[in-house]
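Spelled out from the first residue to the last, the chains are:
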Amino acid sequence: MNDSFISTDTPVDLTNCDREPIHLLGNVQSFAALIAISADWIVQHVSDNTGALLGLEAESLPGVSLTEKLPRDTVTKLREKLGGTSHDNAVARIFSMDVFEDGRLFDVSAHQSGPSFIFEFEPKVRESKEDELALVTPMLRRVSAQKDLVSASEEAAQQLRALTGFDRVMVYQFGPEGDGTVIAEAKDGADAETYMGLHFPASDIPRQARALYKRSLLRLIADVDDEVSPIVPQQSPEGRPLDLSLSMSRAVSPIHLEYLRNMKVRASMSVSIIIRGELWGLFACHHRAPLHVDYERRTAVELLAQFFAYELERQEAKATSDTVGRAQRLHDRLMMQVSSGDGLVHSFPNIAREIGKVIPFDGIALYSDGDYSTQGAAPSKEQFQTIARFLNTAAASRVYATDCLSARLPSMDSLLPDCAGILAIPVSRTPRDYIVLFRSEVMRQVKWAGNPNKPVEVGPMGARLTPRKSFEMWQQDVAGRSETWSQTALKAAEAIRVTLLEVVLKLSDEVNAERKRAQDQQELLIAELNHRVRNVLGLIRSLVGQSRRSAKSIEEFTAAVDGRIHALAQAHDQLTSTEWHPVALRELLKVELGAYIAGEEHRVTITGKPVLLAPEAFSTMALVLHELVTNSVKYGALSVPAGRVDVALERLPDGLQRIAWTETGGPAVRAPERRGFGTTIIEKSIPFELKGKAEVHFEVTGLRAEFLLPERYITEAPEPAEAEPAPAPESAAMGADGISGVALVVEDNMIIAMDAADILSDLGAETVHTASSVAEAMRIIDAHPVQVAVLDVNLGSETSLPVAEMLAARGVPFVLASGYAGQSDWLSRFPKAPMTSKPFTIETLTKAVARLAK
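Residues numbered from 1 in each chain as written. Predicted model: local features only at pLDDT ≥ 70, side-chain atom pairs only at ≥ 80, totals over all residues. Heavy atoms only, no water.

Peer 1: Describe the overall build of the protein, with residues and values.
Peer 2: Helix and strand content of the protein: 24 helices and 35 strands. Expressed as a percentage of its 854 residues, the buried residues of the protein come to 47%. Across the protein, the fraction of contacts at a sequence separation of at least 24, relative to all contacts at a separation of at least 6, is 65%. When the accessible surface of the protein is summed, it comes to about 41,800 Å², and 53% of that surface belongs to carbon and sulfur atoms. (Helix = DSSP H or I, 4+ residues; strand = E, 2+ residues; numbered from the N terminus. Buried < 20%, exposed > 50% of the residue type's maximum accessible area, 1.4 Å probe, protein only. Contact = heavy atoms within 4.5 Å. Areas by Shrake-Rupley, 256 points an atom, 1.4 Å probe, with all protein chains shown as cover.)

If you want it as structure tokens, here you go:
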């Protein structure tokens, strides 16, 4: 490359780096030879070193067919590899290939670049004595054993240094503006120099370089003083240079080479860390002497980097899960505070207190319908109106955060030091109402690798970029900024935004779309959801079919289907309301069985001492037992009347808990030809998630499965108290004696309201009125002599508390109903009344009404 790519008339500033066409340098490094061909295998470009490395003189190749220069078998293999590339950035690799069938081995790279196809041939200089990827496996285990970002980064840097032999390996994390920080470093203990904790300006890795790192994941510079080999010819007949974006041997920008020399680095390697398609950071490897890492080893390095990115993503997912848990608890508390109809302004002190438990702040303000309420350090109403107009220009229905408000809105510089950073939560469908959190100014020091105000200098040959020569730590005092809003705070703020819209203003269509988009990002969760929905739909169809064959009347058929679907709902409630308390394994199994073989539980025998499952194992075991039960009901022993299942629980001497599932009397069993998702859950979940064991045997006489759970997930259950005689079932007919006159159903879902009204009519009510809101219910109570009522607790934007209080004052008995689990704190505000869960059945509503008379 020459300096003509950057005009000498251009002022020397950092944007020059951003404009340097680093993918069009026209040279390759000397360790590999390049040949570019057209779709019909005519040679278009070659590197000048093809004669030295391949024995093919460069000037004789352009314009001739490459098939004339290579053996037939070699051409066939290269065609196959090119045909196997599946996307624009795909690179095919062949290791230790005898290209010329003369014993000389090459590592070969092949990819498409625009209309051209590029082959790069790197002579094999090291004999592979073992599988390169096998070397990486133990390294991956060491990285995955770490518990946090810092320790995982440090371990990954150590392993990469051991794999490559570089003097220094750093983990470099990018900031939001393209700057970056070294968060981990592995180096020789005798090396006193360190870059750990140093900050680098965005100009050190320009914008186009960051974009290229997302396409080409590994970049080796074997020798900064390497004599590069030019591409011949430099341009196509159309005047276009060859695009070397994905080339493994692409030459290096002179500016970057000078940068490395200033750091006293002779060889370097950069490996991209990509998370969800974005460049999170790099492994930056430095060596004080030339160092060539062969292509096969570099491929192993790429694998290690990709796994490290996966590990970071896994840790982020865990942190997100923890945040979701905290946000859910905040959701429940806020629901208690603001869903009683008092409004945001009246509930603001409580809202501020609850938000402060999750997101630290120095001041908070509510701006709603022109009203302005504050706590702590907050601007005046006039100042905030300027901020509100600024927020209105931001993306709609999004949380907005900045740790330096004055940089975005200079007129607010007068708010310092009290209000340096803000986090704004929109709480209405229009961009007018906000809850805004404020943080005060925090003075801090940033440790730069050299003076960030002098990242370049004017070189001796005039106006061209010359990288800085000093990388010694340079401290800068940073003012005007608050503590940064963490990702955890931002996720919690987003959860608060959705909560307030849902509880106070109703969940809008936009929020539904946002929540759906968020769910779409959880691919594994969606796959499991789809799988379970298909199972449930298939099961309901089976329940309907079995009930129809056994029922003697429409009434009997309806009752059977109704009862079984209600059992499914009960099983779902247990899975979603455990709240991380130990769960009895027997109860978990009984709930699953009750959902699918109601009335026939005697066909399943459970033996052994009762045990409790730790919260960490509950979800996994619930999924496994769910799959065992549903598979048995659909295909196994529980699919026929004579079938039986024996579940044996046994505590082994070494502390492991053994669970044996044995089916007999069912249809003949044969192993599935294809392992579906359900089978994978049964066979893999316990070993993978709980580090236990699972064995499944598809024997002709019936399925047999055995599971071993580690001791830490099991505790002995207390001996069950002697069971009291079960109360005699309450007859549905009592409704005829217990209900008469006028009844009221308050429910915001029309179909559920109609169903409840029909049930009350069947129980003897002469007239049943339905209402979907508090106001409508109160009008009905004033106009009619209501004698009994069923109240849905949550009516969307309001609760039925005022109706319950009105009925209690008049001495009218009522039943509370809810489809939400875990609302004990919320329901404590209601007058005392029997409680039933939705969906209704005639049995559950009859029992609730019967309790009114006690």
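Further notes follow.
Peer 1: Please set out the environment of F119 residue by residue, giving values where relevant.
Peer 2: The topology assignment puts F119 in strand 6 (residues 116–123). Here F119 falls in the buried class, since its relative accessible area comes to 0%. Each C-alpha atom, one on F119 and one on I37, is 8.2 Å from the other, the two residues being 82 residues apart in sequence. Those residues within four positions of F119 in sequence are excluded, and the remaining contacts are A33, L34, I35, I37, W41, L66, L78, L82, S109 and A110.

Peer 1: Describe the sheet that holds strand 34 (residues 814–818), listing the residues and the values that go with them.
Peer 2: The sheet built from five strands is open, its strands ordered 32-31-33-34-35 with parallel pairing. Every interior strand has two partners, whereas the edge strands, strand 32 (767–771) and strand 35 (835–837), have only one. Across the sheet, the mean angle from the axis of one strand to that of its neighbour is 20°, orientation sign disregarded. Relative to strand 34, strand 33 (residues 786–792) runs parallel, the two being bridged by four bridges. Paired with D792 across the bridge in strand 34 is A817. Contacts from helix 21 (residues 774–783) reach strand 31 (742–746), strand 32 and strand 33 within the one sheet, and its direction differs from that of strand 32 by about 150°. Against the sheet, helix 22 (residues 801–810) makes contact with strand 31, strand 33 and strand 34, and its axis sits at roughly 155° relative to strand 33, the strand it touches most. (Pairing = 2+ DSSP bridges. Axes fitted to C-alpha atoms, helices over the stretch in contact; angles between N-to-C directions.)

Peer 1: Describe the packing of helix 4 (residues 132–144) against helix 5 (residues 149–164), and please don't skip the residues or the numbers.
Peer 2: Angle between the axes and distance between the axes: these two values describe a pair of packed helices. Between helix 4 and helix 5, the shortest axis-to-axis distance is 9 Å and the interhelical angle comes to 160°. Between helix 4 and helix 5, the angle falls in the class roughly antiparallel. The hand of the helix 4/helix 5 crossing is right-handed. Where helix 4 abuts helix 5, its residues L135, V136, M139, R142 and V143 lie against A152, E155, A156, Q159 and L163. The residue inventory of the contact of helix 4 with helix 5, partitioned by class, reads seven nonpolar, one polar and two charged. (Parallel < 35°, antiparallel > 145°, perpendicular 65-115°, else oblique. Left-handed = near helix turned anticlockwise from the far one by under 90°. Nonpolar A, V, L, I, M, F, W, Y, C, P; charged D, E, K, R; others polar.)

Peer 1: Kindly report on the packing of helix 21 against helix 22, identifying the contributing residues and their values.
Peer 2: Where helix 21 contacts helix 22, the axes come no closer than 9 Å and their chain directions differ by 20°. Here helix 21 is positioned roughly parallel relative to helix 22, judged by the angle of their axes. Considering the relative orientation of helix 21 and helix 22, their crossing is right-handed. Contacts between helix 21 and helix 22 involve V774, A777, M778, I781 and D782 on the former and, on the latter, P802, V803, M806, L807 and R810. Per-class residue counts for the contact of helix 21 with helix 22 are eight nonpolar, no polar and two charged.

Peer 1: Just give me the short version of unusual backbone geometry, but keep the residues and values in it.
Peer 2: Cis rather than trans, the peptide bond between V232 and P233 has omega equal to -10°. Here S96, not a glycine, exhibits a phi torsion of approximately 55°, which is positive. By the secondary structure assignment, S96 is in strand 4 (residues 92–97). In the Ramachandran plot, E101 falls in the positive-phi region, its phi being about 55° despite a non-glycine side chain. Structurally, the position occupied by E101 is in the loop between strand 4 and strand 5 (106–113).

Peer 1: Got a sec to walk through helix 3 (residues 72–83)? Specific residues and values, please.
Peer 2: Count 3.6 residues to each turn of an α-helix, and residues three or four apart come out pointing the same way. In this model helix 3 runs 17 Å from its N-terminal to its C-terminal C-alpha over 12 residues, within 8% of the 16 Å that 1.5 Å per residue would give. Turning to helix 3, its buried residues are T74, V75, L78 and L82. End-on, the buried residues of helix 3 take up no more than an arc of 95°, which puts them together on one face. Facing away from the buried side of helix 3 by over 90 degrees, the exposed positions are R72, E80 and G83. Next to the buried residues of helix 3 lie strand 4, strand 5 and strand 6. (Expected span 1.5 Å × (residues − 1). Arc of directions from axis to C-beta.)

Peer 1: Residue-level account of the packing of aromatic side chains, with values.
Peer 2: All chains considered together, the criterion is met by 14 aromatic pairs. Aromatic side chains Y195 and F200 sit 6.3 Å apart centroid to centroid with 45° between the ring planes, which places their arrangement in the tilted category. For the pair shown, Y195 and F200 are each scored as buried. Here the aromatic rings of F283 and F308 are separated by 5.2 Å at their centres, their planes lie at 55°, and the arrangement is tilted. Within this pair, whereas F283 is found in strand 13 (residues 278–287), its partner F308 is found in helix 8 (residues 295–338), the two being separated by 25 residues in sequence. Each member of the pair, F283 together with F308, is buried. An aromatic cluster is built from Y172, F174, Y195 and F200, whose rings are joined through pairwise contacts. The ring of W485 is capped by R439, whose NZ or CZ atom sits 3.8 Å from the centre of that ring. The ring of F688 has K691 lying over it, and the distance from NZ or CZ to the ring centre is 5.9 Å. (Phe/Tyr/Trp six-rings, centres within 6.5 Å; stacked < 30°, edge-to-face > 60°. Lys NZ or Arg CZ within 6 Å of the ring centre and 35° of its normal.)

Peer 1: Which residues make up the pattern of salt bridges, and what values go with them?
Peer 2: Summed over all chains, the structure comprises 25 salt bridges. Of the charged contacts in the structure, one is a salt bridge between E316 and R276, with a shortest N-O distance of 2.7 Å. Of the two residues, E316 is situated in helix 8 and R276 in the loop between strand 12 (267–275) and strand 13; the sequence distance between them amounts to 40 residues. Residue E316 is classed as partly exposed on the basis of its relative accessible area of 29%. What emerges from the salt-bridge pattern is a single network uniting R168, E185, D191, E193 and R288. (Salt bridge = Lys/Arg side-chain N within 4 Å of Asp/Glu carboxyl O.)

Peer 1: Break down the pairing of strand 24 (residues 604–607) for me, citing the residues and quoting the values.
Peer 2: On strand 24, burial follows the alternation: V604 and I606 on one face are buried, whereas T605 and T607 on the facing-out side are not. Of the strand pairs in this sheet, strand 24 and strand 26 (residues 644–651) are connected by four bridges, and their pairing is parallel. The residue of strand 26 that forms the bridge with T607 is A648.

Peer 1: Tell me about a nonpolar patch on the surface, and name the residues and values.
Peer 2: Judged by side-chain polarity, M750, I751 and M754 come together as a nonpolar surface patch covering roughly 370 Å² of accessible area. One can find M750 in helix 20 (residues 750–762). (Patch = residues over 30% accessible without salt bridge, like charges linked within 9 Å, V, L, I, M, F, W, Y side chains within 5 Å.)

Peer 1: Go over the sheet that holds strand 30 (residues 714–716) with me, naming the residues and quoting the values.
Peer 2: If you walk across this open sheet you meet the three strands as 23-25-30, and the pairing is antiparallel. Sheet topology places strand 23 (583–584) and strand 30 at the edges, where each strand pairs with a single neighbour. Pairing of strand 23 with strand 25 (residues 611–613) involves two bridges; the strand directions are antiparallel. Paired with A584 across the bridge in strand 25 is L612.

Peer 1: Before we move on, can you summarise the confidence of the model for the protein with the specific residues and values?
Peer 2: Per-residue confidence for the protein gives a mean pLDDT of 79; residues scoring 70 or more make up 76%. Between residues 506–513, whose pLDDT stays under 50, and residues either more than four places distant or in other chains, the model counts 17 contacts. For the stretch residues 722–736, pLDDT sits under 50, and the model shows 12 contacts to residues farther than four places along the chain or on other chains. (pLDDT = per-residue confidence, 0-100.)

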